[in-house]
Amino acid sequence: MTSIRQEAIEMLEKESIDLNQFVMKSTERGQDADKYVRELRDNDRF
């Protein structure tokens with residue numbers, strides 16, 4: 001194992017990463033789109 005790779009692994013082990021920072025909150029438009037697609041599926045038009 002190279003020293004750079006070992007150093008990178010050690011850095012990752014020390015730091016904790018908050019994955020929630022990468023998650024987008026749902027928007028009102030997105031919720032409306034989900035509702036629209038659900039209606040299409042329910043009516044067999046999708």
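The rules behind these values
- Just so you know, the residues in each chain are numbered from 1, in the order the chain's sequence is written.
- Where local features are concerned, this predicted model is filtered to residues with pLDDT of at least 70; where side-chain atom pairs are given and counted, the filter is 80 or more; whole-chain, interface and lining totals use all residues.
- Heavy atoms from the whole structure form the basis of all side-chain values; hydrogens and water molecules are not counted.
- Comment: elements are numbered from the N terminus, with helices defined as DSSP H or I runs of at least four residues and strands as E runs of at least two.
- Residue burial is assigned from relative accessible area. The probe radius is 1.4 Å, only protein chains are included, and a residue is buried under 20% of its type maximum, exposed over 50%, and partly exposed in between.
- Using a 1.4 Å probe, accessible areas were evaluated by the Shrake-Rupley method; residue-level cover was limited to the displayed protein chains.
- This count recognises Lys and Arg as positive and Asp and Glu as negative, with His and chain-terminal groups excluded.
- Note that the charge is assigned to NZ on lysines, CZ on arginines, CG on aspartates and CD on glutamates.
- Expected span of a helix: the number of residues minus one, times 1.5 Å.
- Like-charged residues within 9 Å of one another, or nonpolar side chains (Val, Leu, Ile, Met, Phe, Trp, Tyr) within 5 Å, are grouped into patches, provided each residue has over 30% relative accessible area and no salt bridge.
- When a carboxyl oxygen of Asp or Glu is within 4 Å of a side-chain nitrogen of Lys or Arg, the pair counts as a salt bridge.

(A) Representation of the overall build of the protein within the structure. Scanning the protein from terminus to terminus reveals 2 helices and 0 strands. Looking at the 46 residues of the protein, the share that counts as buried comes to 2%. Surface exposure of the protein reaches about 5100 Å², of which carbon and sulfur atoms provide 51%. Positive and negative side-chain charges of the protein, numbering 8 and 11 respectively, have mean locations separated by a distance of 5 Å.

(B) Structural view of helix H2 (residues 28-42). Its 15 residues place the ends of H2 21 Å apart at the C-alpha level, agreeing with the 21 Å of an ideal helix rising 1.5 Å per residue. Looking one or two residues past H2, Asp44 carries a phi angle of roughly 55°, positive in sign.

(C) Broad picture of a nonpolar patch on the surface. On the surface, Leu12, Ile17, Leu19 and Phe22 cluster together to form a nonpolar patch covering roughly 490 Å² of accessible area. Judged by its relative accessible area of 60%, Leu19 is exposed.

Read these as spatial facts, not as claims about activity.
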